[in-house]
Amino acid sequence: MAVGRAGWTRRGLAAAAAVGLGTLARSTATRARERPRRAARSETLSVVVPVLNEESALPACLRFLGSIDGLLEVVVVDGGSMDGTKRAFRKSRRDATRGGAECLLVETQMACRAKQMNAGARAARGDRVLFLHADTIVPVDSAMLISRAFSKDSRVRLAAFRPIMRHEGRTMRGMTALHVLKTRLGPLLFRPLAALAGLKLFFGDQAMVVQRDHFLSLGGFNENLSIMEDMDLCVKMFYGIDGDSSDSDRTSLRQVRKVPRRQRQHQGGTLAQIEGRAETSGRRVAEWGALRSLQVYLVLSLSYAFGASPRALNQLARRDYTEVR
């Protein structure tokens, strides 16, 4: 009887041990599954605002940015303004910090938007960088919308809002429609297969967003371009053209054939449309007129699409593209 009890105890202990080990294994597996969720953190967001003689537009821009939750910082990059832009920054800086973000000014004499935005991205500390024109407004829940766009696909390298162009309270529906069509249909003109694979064309007034580390690893915006740097970045991020393959006389589009297929697969990625609208000023269209605006945009875009060099594009810009403030 004693032996029986001892045998039963041994069997009971073995069964209990098996149950205990199973429970421990399941508990360990559960903790392992939960650990990444607990360790995961939200991606931080910096806003880079390139400015040049934006004394009138900058205060309103900074006030608006102060109403957006979830911003880590606002980096204003001056390109050598000759008006009161820096004075306007000092007066309005506090407005941008209402939501808890820091606000700093980077002063340069570059007078080149591509160089200014690269300088801002290098100075920024956020995981993602939103490039915002001083005359453009994004949704107040932009941080959430951006996070949602990037979380849908781990290969998203660049995202931008849907555009809407307004001037003095009036929506410019024709130019807005053309802007929307350009995003998806534009690539069909020069890279139809890439367009079907997801290549999109964003312009800077759509408030483009990048993963900062990846953006910098590819060399950022092409600093040889004083115009069309936004379109060029779309091509660069889609194909994964890094800084080592940069050429002062070639746009990213003209370098595509030089990029090995393996590099495209490893460094390239998808471009995403953010669920929300970026409202941009139609002041340039109002100043130029719709026909001239359409002509300038088509000449510059088609010149880029059919292989014009940065030098040729810059010459066209100097001839046809006058700044409006």
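Everything below is about the structure shown above.
As a starting point, this report considers the structure included with it.

1. Some remarks on the overall build of the chain
Next up, step 1: Within the chain, the secondary structure is distributed over 14 helices and 9 strands.
Next up, step 2: Taking as baseline every contact in the chain between residues at least 6 positions apart, the subset at least 24 positions apart corresponds to 77%.
Next up, step 3: For the chain, the exposed surface amounts to about 16,600 Å²; the carbon and sulfur share of it is 53%.

2. A closer look at the packing of aromatic side chains
Next up, step 1: Summed over all chains, the structure comprises 5 aromatic pairs.
Next up, step 2: With a centroid separation of 5.1 Å and 90 degrees between ring planes, the pair formed by F238 and Y239 is classed as edge-to-face. Across the pair, exposure class does not vary: F238 and Y239 are buried alike.
Next up, step 3: The interplanar angle of 50 degrees and the centroid separation of 6.4 Å between the aromatic rings of W288 and Y297 together place this pair among those described as tilted.
Next up, step 4: Judged by relative accessible area, which is 10%, W288 ranks as buried.

3. Re the environment of V106
Next up, step 1: Checked against the element boundaries, V106 lands in strand 3 (residues 102–107).
Next up, step 2: Among the residues examined, V106 registers a relative accessible area of 18% and is labelled buried.
Next up, step 3: For the pair V106 and G79, spaced 27 residues apart in sequence, the C-alpha separation works out to 8.8 Å.
Next up, step 4: The residues touching V106, leaving out its near neighbours within four places in the chain, are V75, V76, V77, D78 and A123.

4. Brief notes about a nonpolar patch on the surface
Next up, step 1: A surface patch of nonpolar side chains, amounting to about 1,100 Å² of accessible area, comprises L178, L181, L185, L188, L189, L193, L196, L294, L298, L302 and F306.
Next up, step 2: Elements with a contribution of two residues or more to the nonpolar patch: helix 6 (173–185), helix 7 (192–196) and helix 13 (290–305).
Next up, step 3: With respect to the helices and strands, the residue L298 is situated in helix 13.

5. Observations concerning helix 9 (residues 229–239)
Next up, step 1: The element helix 9 is largely enclosed, with a buried count of 11 among its 11 residues.
Next up, step 2: Looking only at helix 9, the buried set comprises E229, D230, M231, D232, L233, C234, V235, K236, M237, F238 and Y239.
Next up, step 3: In the segment just after helix 9, G240 is the residue with positive phi, at about 75 degrees.

6. Let's talk about unusual backbone geometry
Next up, step 1: With a phi angle near 55 degrees, N53 is a residue other than glycine that sits in the positive phi range.
Next up, step 2: Tracing the backbone shows N53 in the loop between strand 1 (45–51) and helix 2 (58–65).
Next up, step 3: Given the relative accessible area of 27%, N53 is considered partly exposed.
Next up, step 4: With a phi angle near 60 degrees, A207 is a residue other than glycine that sits in the positive phi range.

Each value, and the rule that gives it
- Residues numbered from 1 in each chain as written.
- Predicted model: local features only at pLDDT ≥ 70, side-chain atom pairs only at ≥ 80, totals over all residues.
- Heavy atoms only, no water.
- Helix = DSSP H or I, 4+ residues; strand = E, 2+ residues; numbered from the N terminus.
- Contact = heavy atoms within 4.5 Å.
- Areas by Shrake-Rupley, 256 points an atom, 1.4 Å probe, with all protein chains shown as cover.
- Phe/Tyr/Trp six-rings, centres within 6.5 Å; stacked < 30°, edge-to-face > 60°.
- Buried < 20%, exposed > 50% of the residue type's maximum accessible area, 1.4 Å probe, protein only.
- Patch = residues over 30% accessible without salt bridge, like charges linked within 9 Å, V, L, I, M, F, W, Y side chains within 5 Å.
- Salt bridge = Lys/Arg side-chain N within 4 Å of Asp/Glu carboxyl O.

Honestly, it's all geometry; don't read function into it.
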